[in-house]
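# Remarks on the overall topology
Here is what each chain is made of, one letter per residue.
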Amino acid sequence: MRFEQDIDLGKELQKELELEKNWFEYVDAPNNEIGKDSFRVFIEGIRFSIDNCVENHPAIELGVRSGGTSGIILETIFKSSFPKRWLISIDPYGMLSYRSGMHSAQWSGMTYGNELYRTALNLLAEYSCKRSLNHLFLKMKDIDYFRFYNDGIDLYQNSKHVKCNKFSFIHLDAEHSIDAVFEQLKFFIPRSVENTVISIDDTNFDELSSCKKMIEEYLKASGFELWLRSHKNKRSNYRKVETNTQS
Ligand SMILES: C[S@@+](CC[C@H](N)C(=O)[O-])C[C@H]1O[C@@H](n2cnc3c(N)ncnc32)[C@H](O)[C@@H]1O
């Protein structure tokens, strides 16, 4: 039996971890060598939804890895007009196999273990603490969140209990199979408001790319328009423009 701590995270991931420690720099310079266009689109989506969703609806991210994009969302919230907005980050870790956007074959999940969870937890906690940000990090699968929190999640702030079941910014970067993405959209679309942004990563991934039209028609029928798309279709941002559609 091989224990998780014996597994080397791998050179590539180590390199990424180093870079992601400096994630906040992307927010001010999203077009740098690493950030490129996909980060610019990502950050514009966060900024827009955080500044324009009038109620204090949380942002949410599915798929956290080492915390790079959660960090960028937190930094953008920090610099926004609603710095107390919550971010909920969801990832089961535990080296589960899932269909990622990097390979069309099943991805082994070997590098998404609990060691990585501890690293991300540590980085994000320190970061949120320093900036007094509201961050909730849940170690679970997206479908478990959908089941447990179907009626909303309880957040506590300023002597108040608030049940939250609407979201401002929604980042989908977990499982990238077409079935999984539709499950995610089915959950989040009824939980969106005017100016909610859904940002989907890896829309150039062959499975998602081949179903692009279907995804877009579904979103359009639910009041979302395609708003920004990054170079080579890597990331797509959809913005909710109509609130009176059946969702
Ligand atoms: C591509 S990585 C996320 C990268 C991160 N958003 C970033 O850019 O810094 C995908 C993550 O999805 C997680 N994941 C896999 N299946 C999941 C599921 N069912 N629900 C939530 N997260 C999942 C994996 O553990 C992995 O950490």
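Throughout, residues of each chain are indexed from 1 in the direction in which the sequence is written. For this predicted model, a pLDDT threshold of at least 70 governs which residues receive local features, and a threshold of 80 or more governs which side-chain atom pairs are given and counted, while totals over whole chains, interfaces and linings are taken from all residues.

## Overview of the overall build of the protein chain
To keep things clear, this is the line we draw: Strands here mean DSSP runs of E at least two residues long; helices mean DSSP runs of H or I at least four residues long; both are numbered from the N terminus. Exposure in this text rests on C-beta crowding, where 20 or more other C-beta atoms within 10 Å of a residue's own make it buried, 12 or fewer make it exposed, and counts in between make it partly exposed. The C-beta atoms are placed from the backbone. The contact criterion used here is simple: two residues whose C-beta atoms, placed from the backbone, lie within 7 Å are in contact.
Per the secondary structure count, the protein chain includes nine helices and nine strands. Split into buried and exposed, the 247 residues of the protein chain put 38% on the buried side. Taking all contacts inside the protein chain whose residues are at least 6 apart in sequence as the whole, residues at least 24 apart take part in 72%.

## Remarks on the sheet that holds strand 1 (residues 59-62)
How we decide: Should DSSP find at least two bridges between two strands, the strands are taken to pair. Each axis is a line fitted through C-alpha atoms, taken for helices only over the stretch in contact, and angles between the N-to-C directions span 0 to 180 degrees.
Spatially, seven strands are ordered 3-2-1-6-7-9-8 in an open sheet, and the strand pairing comes out mixed. This sheet does not close on itself; its edge strands, each paired only once, are strand 3 (135-138) and strand 8 (224-229). If you compare each strand with its neighbour and ignore which way they point, the axes differ by 15 degrees on average. With four bridges connecting them, strand 1 and strand 2 (residues 87-90) associate as parallel partners. Note on strand 2: the bridge partner recorded for alanine 59 is leucine 87.

## A few points about the site of the ligand
Rules: The rule is simple: place the C-beta atom from the backbone, and if it lies within 6 Å of a molecule or strand, the residue is near it. Put simply, Ala, Val, Leu, Ile, Met, Phe, Trp, Tyr, Cys and Pro go in the nonpolar bin, Asp, Glu, Lys and Arg in the charged bin, and everything else, Gly too, in the polar bin.
Around the ligand, 19 residues are found, and the nearest of them are Gly63, Arg65, Gly68, Tyr112 and Ala174. Taken together, the residues of the shell around the ligand break down into nine nonpolar, four polar and six charged.

## Section: the environment of serine 210
Within the secondary structure layout, serine 210 lies in helix 8 (residues 206-210). Exposure remark for serine 210: the 10 C-beta atoms within 10 Å place this residue in the exposed category. Sequence separation between serine 210 and isoleucine 178 is 32 residues; the distance between their C-alpha atoms is 9.3 Å.

## A look at the nonpolar core
Where we set the bar: What we call a nonpolar core is a set of buried Ala, Val, Leu, Ile, Met, Phe, Trp, Tyr and Cys residues whose membership is set by joining through C-beta atoms within 7 Å.
In this structure, Ala59, Ile73, Phe169 and Ile198 are the most contacted members of the largest nonpolar core, which totals 44 residues. Of the residues forming this core, the biggest block, six residues, is contributed by helix 3 (residues 36-52). Not counting the four nearest positions on each side in its chain, alanine 59 is found in contact with Ile46, Ile50, Ile73, Ile77, Arg85, Leu87, Phe167, Ser168 and Phe169.

## Digging into the packing of helix 4 (residues 68-78) against helix 5 (residues 114-131)
The criterion, for reference: Oblique is the label for any angle not under 35 degrees, not over 145, and not in the 65 to 115 range, which are roughly parallel, roughly antiparallel and roughly perpendicular in turn.
Viewed as axis vectors pointing N to C, helix 4 and helix 5 meet at an angle of 5 degrees, and their least axial separation amounts to 11 Å. Taken together, the axes of helix 4 and helix 5 are roughly parallel relative to one another. Together, Ser70, Gly71, Leu74 and Phe78 of helix 4 and Leu124, Tyr127, Ser128 and Arg131 of helix 5 make up the contact between the two elements. Residue composition of the contact of helix 4 with helix 5, grouped by class: four nonpolar, three polar and one charged.

## Here we look at the environment of isoleucine 50
Position of isoleucine 50 relative to the elements: it lies in helix 3. You can call isoleucine 50 buried: it has 24 C-beta atoms within 10 Å. The contacts of isoleucine 50, once residues within four sequence positions are left out, are Ala59, Thr76, Ile77, Ser80, Phe82, Arg85, Ser168 and Phe169.

## Considerations on the confidence of the model for the protein chain
What counts, and what does not: pLDDT measures how confident the predictor is about each residue, on a scale from 0 to 100.
Within the protein chain, residue pLDDT values average 83, and 79% of them lie at 70 or more. The low-confidence segment residues 1-9 (pLDDT under 50) makes ten contacts with residues lying over four places distant or belonging to another chain. Here residues 104-109 scores under 50 on pLDDT; set against residues more than four positions off or in separate chains, the count is 14 contacts.

## A few points about the pairing of strand 1
Regular strands place side chains that alternate from one sheet face to the opposite one. Going by this rule: Seen with its strands pointing away from the viewer, a crossover is right-handed if its path from the first strand over the helix to the second goes clockwise.
Both faces of strand 1 are covered, namely the face carrying Ala59 and Glu61 and the face carrying Ile60 and Leu62. Crossover strand 1 to strand 2 through helix 4 is right-handed. Bridge count between strand 1 and strand 6 (residues 167-172): three bridges; the pairing is parallel. Its bridge partner lying in strand 6, isoleucine 60 is registered against isoleucine 170.

## Some remarks on the pairing of strand 5 (residues 160-164)
Where burial is concerned, little of strand 5 is hidden: zero out of the five residues are buried. As defined by bridge partners, strand 4 (residues 153-157) adjoins strand 5 across five bridges and the pair is classed as antiparallel. The partner of glutamine 157 across the bridge, within strand 5, is lysine 160. Hairpin connection from strand 4 to strand 5: two residues lie between these consecutive antiparallel strands, with asparagine 158 at a positive phi of about 50 degrees.

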